[in-house]
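Chain residues, written in single-letter form:
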Amino acid sequence: MAPLLVVGLALCLSGTWAVDKGNFKTCEQSAFCKRQRALKPGESPYRALLETMELTNTRLTLQLINDNNKVRLLLELYRLQGNITRVKINELKPLKPRYEVPDVLIREPTTEPLSVLSQDENGVVLSLGVESQRVIISARPFRLDIMEGSDVLMSLNSRGLLAFEHLRMRKDTFSYKVTSTVASVWDNIKRVFSSQADPEAEKKEEADPANQAETTKEEEEKVEDGMWEETFKSHTDSKPNGPSAVSLDFSLPGVEHVYGIPEHADTLRLKTTDNGDPYRLYNLDVFQYELYNPMALYGSVPVMVAHSAQRTTGIFWLNAAETWVDISSNTAGKTVFGKMLDYVQGSSETPQTDVRWISESGIIDVFIMLGPTPKDVFSQYASLTGTQSFPPLASLGYHQCRWNYNDQEDVKSVDAGFDEHDIPYDFIWLDIEHTDGKRYFTWDPHKFATPKEMLQGLMDKKRKMVAIVDPHIKVDSNYKIHNEIRTLGFYVKNKDGGDYEGWCWPGSASYPDFTRADMRAWWASMFAYDQYEGTMENLYTWNDMNEPSVFNGPEVTMHKDAMHGSWEHRDIHNLYGLYVQMATAEGLIQRSGGVERPFVLTRAFFAGSQRIGAVWTGDNAAEWDHLKISIPMCLSMGLVGISFCGADIGGFFKSPSTELLVRWYQAGAYQPFYRAHAHLDTPRREPWLFGPENTALIREAVRQRYTFLPYWYQLFYRAHVTGEPVMRPLWVEYPQDLATFALEDEYLIGRDLLVHPVVEEGARGVTAYLPGKDEVWFDVHTFQKHNGAQNLYIPVTMSSIPVFQRGGSIIPRKLRVRRSSTCMEHDPYTLYVALNLQRTADGELYIDDGHTFNYEKKEFIYRKLTFANKVLSSVNLAPDAKFTTDSWIERIIVLGASKPSKVTLKTADGQEKQLEFDFDASMSVLTVRKPGMNAGADWTVTFQQKLFLFCFFVHFIFHPVCLRKNPPNQSTVFHLK
C-alpha cells in the first residue's frame, strides 16, 4: 500500500506538469520575512558604543546597542588577505549559542592588521592597508562605510535596516511568569537601593550587558505573526527558540547591475524586488519550476556579485538558514532615454543599488570582496570556499539518462544504439527503478541481476555508468542500510527525540543526519566494493532529492523543528545537500584508496559545493523558454564558483518537438555538463529515434563536443587552480563594455570561445554581439572573420551552432572522434591558431591521465602555446611536472593567415624539417599537415615569407626607401613606407 500512496502523492505533485505555487511560501507567508520587511528605512535603533572598541593584530571588536530594548551585539571586523573585509555580528551574551556555519570555509581566513587613522565621539576611521582603502564606522546610528579615496565602495546599514532578533525566554508559560515576577520585584529593590547610593546607577544598569535579554513591554505586545509558532497549510512549526531572524542592508553606489545568488530560474542580471517578493534562498524540491520568478529552487549560494565599468565587488552572506534577498535601485524602471535626459540635464544622482539580506536564524557573518576586477572577486571567493573540483575527463563528455532504463538488456541495447549510429558517449545513467524497491545501495534482483556483468560490458568499451543514491532511507527492518543507521543513532530526530520520518520514493523514509562527521564517514564506507555489492570502478553516483525532499513535509521538505544534535533543521537546512554530496564523493575516493577522482552529481547545493562535483538545473520542461533559461541559470552558478553546471537536454517533463530537441543538443554541447534526461512518463528519446536527418544533426552536435574536450579539460584545470568560471558572461572579459552587462543569450567558454545558441523556435537567423573594438572573431565552422564591437546578424539553418574563436587565441582540439573520450586518450591534436595582427596569439594545452589525483603530485603536462613574429612555439609552464604522452600534433590551422613561402619545424634537440601546407587565399586559412611533434615537447614552427625580390623591384621602380637593411634570406615581413 505504501508504494501506491507514494506514487499517488508524487503524481499530485508532478502530474499537472506545472509547479503548484501554493505549496511554497511567499514572503508574506513567511513570518520572519514579513516582520523584517515591515521595518522602515531610516529608523535604525542601533548605535556603536565606541568606548567598547578593542583592536588587536587580527580584528577589531565593538559593541552595538539597540536603544529600543537595550540588547547589545558584538561587532567583529576583520581585514583578510586578498582585499576582503569580514564583518560578524552576534549577540554579546545570547541565552544559548547561535548557529555559525561550519565546513564551508576551506580554512580560517588569514587576517591582516587594521590600524586606526582617526577617532572622535562620532566614529572611527580605520585603514584597510590597500592603497587608500579605509573603513569608517559611524556611531549614531551605527553605519559602516568602505571607501577608496573619495569613493564609497559599499555601505552597511546606511538605510538603517540592521535587525537582530535576540534569543529570549517565552513569556506565556506559568513557570516563566512566576520567575519573571520575582525577578522583576528583586530588580526594582536593587534599583531603588543602588540609585540612592549612586546617582549613575540607572545609567550603569542600562549599560549592563547582562540585562540584554530583558524584553520591553513594546516587544511583549508584538508576540504575534508566527514568532513562537507558525502554521503553513497543515504544518505547524513549533519554534521553541522563538524569533531569531537577522538582517542587514548594503548600499552599492555607482552600481546598476548585480548578479548571482542562485538558484533561480530568472535573468542573469538580478531584478529589483520592490513590487514583488524578494529572491528566496531555501533549498526546495520544486516540480517543473516557473520561469522568471524569484522563487527558491534546489540550491542556494548566498553570494552576490556587483559590477560596473569601474569596479567589481562581491558579498558572501554566510548563513545556511532560509534567506530572502531584497534588491532596489534608484535607476530601476528608467528607460535609456530617461537616463540620457538625466545626463543632458546634469542630474547629480549617482546610480545605486541597495541590497538587504534577511535570514531566519544564525548570525550575521558577511565577507565583502573588494575586487577590483571580476577575476579578483573570483579569486577572493575561491580563497574562502575553494575552487571547482577537477573532474575526470570522461565526465566532460556526453551522458545518456532517463527515468528509467528498464533492465540490463535495455542498457545493453541503448549502448549498442550509440555504436550503431556512430554517436559518442561516456556515461549511461540509472534512476531509482534500478534498485530493489527504492532501497539505495541495492540492485533490482530481477531487472539488474548481474550488475557486474553489465558494468564490465561498458568497461570493455571504455564507458561508464552513474547510479542514483538518494538520502532518504526506506524504513524497513529487513534493509541493512536502515538497520545500521538506526542502530548507530545517525538519523535526524524529530522535535520529540524520535527518528524523523517522512514520505519519499520508498514510502516511509528516514533521513541520515549528514551534519555529523561520523555519519558522513559511515556513509562513505558504504561505497566500498565489499559493501555496495555489484559495483565496479566505472560506476559513479548521482545524489538527487537532497534538499532534502519530503513529499508530505512543509513545502515538500523537512520540518524546521527537526533536530540535528542540538541544532534545529532551520539552522542548517541549506547545508544538507552539500553534506550529502560531500559524503558520497568521499566514498568514491576511499573505495579507490584515494587514487581516483570522483564524479558526483547533486541537485541541492550551497556555497562550497563547487569543490565536490557537478550540479544541474533540476526538473525543467521540454519548452523553448526552459532552453533559454538554462543559459543565465548556469552563468549565475559560474559567477559564484560552480562551473560544472548543465540542464537536462530536451527537458525533463513533457516531450520536445524534434526541432527543440536538436537545438537543445546543440546548445548543450557548449555548456559544461552535457546530459540528456527525461521523465518516466515521456516517450523514449534516444538520439536516433527522430529520423535520419535529425540523428545526423544530433550526431554532429555531440561530435563537436568531443573535438573540444581538450579545451574544456584545460579550462576546468584553470577553474580548479584559479576559481575562474568556465562558462562566463561577456562582461567578465570585457568589464567596461556596457553592452555586455545584461547579455544572457550568449556567453564565453573560457576567454576564447563565444557561443550564441539558437534558442528560438523556427529561427532563420540570430544576432550575436561580438565584443571588443580591437578584437576579431572567427566562425569556428566557416572560418569567416568578423570585427568586434558589432551586432552581427547570422543566418541559421537547423545545422547551425553559432560559435566564434577570438582572434589572438590558440585552441587545441582532437578531431578523431571515437566512441568515448577514453578511446581518444592517445589521439593527436589539431591546433587552431586564430590571429589578430594587433596582438600575440596564445593558448594552453593541459594533459594528464584524465582520472586520478596524480596531477597533485605534478604528474601532468602544461604547455604555453604562442604565435608571435611568424613563429608558433610550445614552452613548458610547469618544468617541475613529470608526465609523458603518446599524443602528437597532427595539424596546425592558422586563421587570418598570409601565405608563407615555407614552414619549418624545429624541435628541442635542434633538428629541423620542412612541413607541408595548404593555403586557402579566399578565407586566409593556412593548414600545416603532419608536423608530428610530441604534444608534451618543446618546439617551434616558423612561417617564412620571402618578399626580398618584390621589395627590391619596388625600391628601384617606385619608392627609394622601401628596402631595409635585412639580408635576403632572413625571414621577415617587409612594409612599404
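From a predicted model like this one, the values you see are computed outputs, not experimental measurements. (Residues numbered from 1 in each chain as written. Predicted model: local features only at pLDDT ≥ 70, side-chain atom pairs only at ≥ 80, totals over all residues. Heavy atoms only, no water.)

Draft legend 1. Fine view of the packing of aromatic side chains. Counted under the stated rule, the structure contains 50 aromatic pairs. Taken together, a centroid distance of 5.8 Å and an interplanar angle of 45 degrees make the contact between Y398 and Y665 tilted. Residue Y398 is found in strand β22 (residues 398-400), and its partner Y665 is found in helix α15 (residues 658-668); the two are separated by 267 residues along the sequence. For the residue pair Y398 and Y665, the accessibility class agrees, reading buried in each case. Taken together, the ring pairs in this structure connect F427, W429, Y540, W542, F599, W616, F644, F673 and F716 into an aromatic cluster. (Phe/Tyr/Trp six-rings, centres within 6.5 Å; stacked < 30°, edge-to-face > 60°. Helix = DSSP H or I, 4+ residues; strand = E, 2+ residues; numbered from the N terminus. Buried < 20%, exposed > 50% of the residue type's maximum accessible area, 1.4 Å probe, protein only.)

Draft legend 2. Quick peek at helix α14 (residues 624-639). For α14, spanning 16 residues, the distance from its first C-alpha to its last is 24 Å, which sits close to the expected 22 Å at 1.5 Å a residue. Looking one or two residues past α14, G641 carries a phi angle of roughly 100 degrees, positive in sign. (Expected span 1.5 Å × (residues − 1).)

Draft legend 3. Expanded view of the confidence of the model for the protein chain. Summing up the model confidence of the protein chain, the mean pLDDT is 91 and the portion of residues at 70 or higher is 88%. Counting contacts from residues 209-221, a segment whose pLDDT is below 50, to residues more than four positions away or on other chains yields 27 contacts. (pLDDT = per-residue confidence, 0-100. Contact = heavy atoms within 4.5 Å.)

Draft legend 4. The pattern of salt bridges, seen in detail. A complete count under the given rule lists 64 salt bridges for this structure. For D849, the salt bridge goes to R597, with nearest N and O atoms at 3.9 Å. Of this pair, D849 sits in the loop between β46 (841-847) and β47 (861-868) while R597 sits in the loop between α13 (576-591) and β31 (600-602), and the two are 252 residues apart along the sequence. R597 matches D849 in its accessibility class, with the two residues each being buried. One salt bridge in this structure joins D827 and R818, with 2.6 Å as the shortest N-O distance. Exposure remark for R818: the relative accessible area of 36% places this residue in the partly exposed category. Taken together, the shared-partner salt bridges connect D237, R280, E322, E360, E555, K560, E568 and R570 into one network. (Salt bridge = Lys/Arg side-chain N within 4 Å of Asp/Glu carboxyl O.)

Draft legend 5. Structural detail: the sheet that holds strand β26 (residues 501-504). Taken together, the three strands give an open sheet; going across it, the order is β25-β27-β26, and neighbouring strands pair in antiparallel fashion. Each edge of the sheet is formed by a strand with only one pairing partner; in this case those strands are β25 (473-474) and β26. Of the pairings in the sheet, the one linking β25 to strand β27 (residues 507-510) comprises two bridges and is antiparallel in character. What sits directly across from K474, in β27, is A509. (Pairing = 2+ DSSP bridges.)

Draft legend 6. Examining the packing of helix α16 (residues 692-707) against helix α17 (residues 709-722) more closely. The N-to-C vectors of α16 and α17 enclose an angle of 50 degrees; their axes lie 5 Å apart at closest approach. Comparing the axis directions of α16 and α17 gives the class oblique. Together, R705, Y706 and T707 of α16 and L709, P710 and W712 of α17 make up the contact between the two elements. Class assignment of the residues belonging to the contact of α16 with α17 gives a composition of four nonpolar, one polar and one charged. (Axes fitted to C-alpha atoms, helices over the stretch in contact; angles between N-to-C directions. Parallel < 35°, antiparallel > 145°, perpendicular 65-115°, else oblique. Nonpolar A, V, L, I, M, F, W, Y, C, P; charged D, E, K, R; others polar.)

Draft legend 7. Broad picture of the state of the cysteines. Applying the stated criterion across every chain, the model contains two disulfides. Linked covalently through their sulfurs, C634 and C645 form a disulfide whose S-S length is 2.1 Å. Between C634 and C645 the sulfur-sulfur dihedral comes to about -75 degrees; the bridge is accordingly left-handed. With C634 in helix α14 and C645 in strand β33 (residues 645-646), this residue pair connects regions lying eleven residues apart in the sequence. (Disulfide = S-S within 2.5 Å.)

Draft legend 8. Just the sheet that holds strand β40 (residues 776-779), in detail. Read from one edge to the other, the open sheet built from six strands follows the order β36-β37-β38-β43-β40-β41, with strand pairing classed as antiparallel. Looking at the sheet topology across the chains shown, the edges are occupied by β36 (727-728) and β41 (785-787). In terms of strand pairing, β40 meets β41 through three bridges, oriented antiparallel. Residue V776 lies in a different strand from β41, and its bridge partner there is N787.

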